[in-house]
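Secondary and tertiary structure notes
Each chain, letter by letter, is given below.
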Amino acid sequence: MVSAQIVAKRETCIGAGQCVFADPDAFDQDDNGLVVVLQADPASPDALARAKEAVNVCPSRSITLLA
Amino acid sequence: MTVNAIQTRRVDPYSPPTEHLELQSDEPVAFLDWRDGRKAWAITKHADVRTMLSDVRFSSDRSNPDHPAHGGYVPGAHKGAIIAIDPPEHSAIRSRVMNEFTVKKISLMRPRIEEIVSEALDAMLDGKSEAELVEELSLPVPAMAIAELLGVPYEDHDFFQHNTSLFSDAHIDPKQRGEAIAKLRDYISELVDARVNERGNDIISRQLDAGADAEEAVGLGFLLLIAGHETTANMITLSIMTLLDKPDLLQQLREDPSLIPGAVEELLRYFTIAEVGGLRLATTDLEIGGKQIHAGDAVFGLANTANRDPEVFPDPHTIDFKRGARNHMAFGFGPHQCLGQNLARLELVVVLEQVIQRIPTLRLLDPLSAIAFKEWGPNYGINELRVAW
């Protein structure tokens, strides 16, 4: 059982879209380019790994993963 | 130790300057003689460069006379030039334009980018058996992609492409380059004036709709042109050189074209053509990598070295298309990370797809030792690459 929560800070997002590449199931961008979380709780170890990658590549450090 | 980050030679075209790699292992945060009699902090480890680039206490405001880039060549140095300003002004302008570069929007450009690459290759291959790749492929592709974005009318394409290639031409005299830049600036200014009166389906029109004034739109248009043209061209040329020089890598992509996006990412990491990943001015005392940095100190991150950091990229000097590492800083990091990165990726992917598919016999005409590399920055690349097929 994976228990983690993806939290994205839209106020610091710069719309680079790196999260969408890392994890297109969990992240999208709205019409303004800002991050949208589609799936906040990674349901598998793979999904958790992708979420961690999204946290890692976000240039504005706007994504966190709460354990 | 005297290191001028901009003027340090690469002894091997595939390797960052030795001095930079030595800094990373010997003194990852080093206060060096830099230039103009000033000293600056060189930051070379991946983690430290990331920290520095994402901390807004390091200022990008180039209008500040103390900023290390002040007085240097600042392309498009006015209102829309988001590389040269800090939040909140930076955030306000970037947030208005970033919807143009979302992953989804850029992916919608794929058919048009495919056409652009296809047309450039048609012209290059037409009745010939050899070509100079930079002039015939590397420079025209990004020029046309930016023309598309800006809504340059078709009848102006030749003018646009000619002058953009002139400003990137290493052999041209500075006066001619200045003239080409002035012509393009005037051109973009006229384009903006035309859009003020009548909107089109292009980034300038949408910026005006979103509240940009004409001056900002010109600044942004020119910045897109400068930031997206020669940089992408350098990566196209270096990527093709690498594939032709290392046939086993080319073979991997031939056998499995689905590796191309990963190959593009790895080549971006490997070459990191914007070697100096951000000049900043410390606005307060702070510590980085165990060193005390003081308000007013100049700081630069060596992204090329950071992207060869063995702590982050195992066996960093090997090109591995299956590495799957996207946390490189070829596009910088932090709030100023390259706005056009997804477009650049798309152009590189499409170029490699088509070159591999259409020109199976492509080969280099000269040994690497005879190739003229851009040694003196700001971006690493190749001036000319003669190829045959």
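Identification of chain B as Cytochrome from Pseudarthrobacter sulfonivorans is taken from an unreviewed UniProt entry.

Under an unreviewed UniProt entry, the name given to chain A is Ferredoxin, and the organism recorded is Pseudarthrobacter sulfonivorans. UniProt, in its Cofactor (unreviewed entry) section for chain A, records the words "[3Fe-4S] cluster".

Two strands in a sheet stick together by hydrogen bonds in their backbones, pointing the same way (parallel) or opposite ways (antiparallel). Residue and element names in this part refer to chain B. The mixed open sheet is built from five strands, whose spatial order is β1-β2-β8-β5-β3. Unpaired on one side and paired on the other, β1 (29-33) and β3 (58-59) mark the two borders of the sheet. Pairing of β3 with strand β5 (residues 276-282) involves two bridges; the strand directions are antiparallel. Across the sheet, the residue bridging to Ser-59 is Leu-281, located in β5. Across the sheet, helix α2 (residues 46-54) touches β1, β2 (39-43), β3, β5 and β8 (298-302), and the angle it forms with β5 is around 55°.

Take the pairing of β8(B) next. Regular strands place side chains that alternate from one sheet face to the opposite one. Residues and elements named next belong to chain B. Among the five residues that make up β8, five are buried, leaving the element largely enclosed by the rest of the structure. Two strands pair when backbone bridges link them, and β2 and β8 are joined in this way by four bridges, in the parallel orientation. When the sheet's bridge partners are listed, Ala-40 is paired in β8 with Ala-298.

For the rest of this paragraph, the subject is the environment of A:Ile14. Residue placement: A:Ile14 occurs in the loop between β1 (5-8) and α1 (18-22). With 18 residues separating them along the chain, A:Ile14 and A:Asn32 place their C-alpha atoms 10 Å apart. Apart from residues lying up to four places away in sequence, A:Ile14 is in contact with A:Pro59, A:Ser60, B:Arg94, B:Met98, B:Gly334, B:Pro335 and B:Gln337.

Right, let's get into the interface of chain A and chain B. Counting residues at the interface gives 21 residues for chain A and 19 residues for chain B. Here chain A meets chain B over a buried area of about 1,700 Å², counting both sides, of which 49% is carbon and sulfur. On the chain A side of the interface with chain B, the three residues burying the most area are A:Ile14, A:Phe21 and A:Arg61, jointly 32% of the side's total. Summed over the shared surface of chain A and chain B, the number is one salt bridge. A:Asp28 serves as the salt-bridge partner of B:Lys104, at 3.5 Å between the closest nitrogen and oxygen. In this structure, the connection of chain A to chain B is made through nine residue pairs in polar contact (both at pLDDT 80 or more). Counting residues per element, the ones that place at least two in the side of chain A that touches chain B are α1, β2 (27-29) and α2 (45-57) of chain A. Partitioned by chemical class, the residues of the side of chain A that touches chain B number nine nonpolar, seven polar and five charged.

The rules we used
- Residues numbered from 1 in each chain as written.
- Chains lettered and ligands numbered in written order.
- Predicted model: local features only at pLDDT ≥ 70, side-chain atom pairs only at ≥ 80, totals over all residues.
- Heavy atoms only, no water.
- UniProt positions renumbered as here; feature names shortened; annotations may be inferred.
- Pairing = 2+ DSSP bridges.
- Helix = DSSP H or I, 4+ residues; strand = E, 2+ residues; numbered from the N terminus.
- Contact = heavy atoms within 4.5 Å.
- Axes fitted to C-alpha atoms, helices over the stretch in contact; angles between N-to-C directions.
- Buried < 20%, exposed > 50% of the residue type's maximum accessible area, 1.4 Å probe, protein only.
- Buried area = accessible area lost by both parts, 1.4 Å probe.
- Salt bridge = Lys/Arg side-chain N within 4 Å of Asp/Glu carboxyl O.
- Polar contact = N/O pair within 3.5 Å; in protein donor to acceptor, adjacent residues only side chain to side chain.
- Nonpolar A, V, L, I, M, F, W, Y, C, P; charged D, E, K, R; others polar.

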